[in-house]
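Here is what each chain is made of, one letter per residue.
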Amino acid sequence: QGNFLHPFRKASEFHLLCEEKMAMRGALALSRRAMMNIEPPVFTKSRFARRWNMMDEDRVKWYNWNLACIALTAVPFLWMYTVNYRTSEETQILIRTLNPTGTEKIKYDMKLYG
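Keep in mind that this is a model prediction, so the values were computed, not measured.

A. Layout of a nonpolar patch on the surface. There is a patch of nonpolar side chains on the surface, built from Ile106, Tyr108, Met110, Leu112 and Tyr113 and spanning about 630 Å² of accessible area. Residue position: Leu112 is located in the segment after α3 (91-98).

This is the structure in structure tokens:
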């Protein structure tokens, strides 16, 4: 067995292995070259041309949250403004009958209300 390619059976296998190693070396060289390339930072052109960043996004979320809270707070007040707060249809008739001129103060029994 005077074959010097002991771990390999054929010369074609050795050739394929060398091609794979060279291809990997070329890929590593390309990635190494790409890693050495440093892109320059992009500075703003003027104070009006700003980049969109996280602070702006947080500000938009904060404004929307405040707007939603204001709207939810306004709902009960709008309901109280539009609701008929009289206990019955006869309340106005009874008040007009008991106090037609509006000069008397109607006193309520406070024990009834708590």
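B. Just helix α2 (residues 54-82), in detail. Spanning 29 residues, α2 covers 42 Å between terminal C-alpha atoms, matching the ideal 42 Å at 1.5 Å per step. Maximum bend of α2: about 25 degrees, positioned at Val75, with proline Pro76 one to four residues after it.

C. Quick peek at the pattern of salt bridges. All told, the structure shown has 2 salt bridges when counted by the stated rule. A salt bridge links Arg59 to Asp56, with the nearest nitrogen and oxygen atoms 3.0 Å apart. On the criterion of helical spacing, the pair formed by Arg59 and Asp56 is a turn pair, its members being 3 residues apart in helix α2. Residue classification places Arg59 among the partly exposed positions, given a relative accessible area of 32%. Taking relative accessible area as the criterion, Asp56 reaches 9% and is therefore assigned buried. Where Lys61 meets Glu57, a salt bridge forms, and the shortest distance between an N and an O atom there is 3.8 Å. Taken together, the positions of Lys61 and Glu57, both in helix α2 and 4 residues apart, correspond to about one turn of that helix.

What counts as what
- Residues numbered from 1 in each chain as written.
- Predicted model: local features only at pLDDT ≥ 70, side-chain atom pairs only at ≥ 80, totals over all residues.
- Heavy atoms only, no water.
- Patch = residues over 30% accessible without salt bridge, like charges linked within 9 Å, V, L, I, M, F, W, Y side chains within 5 Å.
- Areas by Shrake-Rupley, 256 points an atom, 1.4 Å probe, with all protein chains shown as cover.
- Salt bridge = Lys/Arg side-chain N within 4 Å of Asp/Glu carboxyl O.
- Helix = DSSP H or I, 4+ residues; strand = E, 2+ residues; numbered from the N terminus.
- Expected span 1.5 Å × (residues − 1).
- Bend = angle between axes of the 7 residues up to and from the residue.
- Buried < 20%, exposed > 50% of the residue type's maximum accessible area, 1.4 Å probe, protein only.

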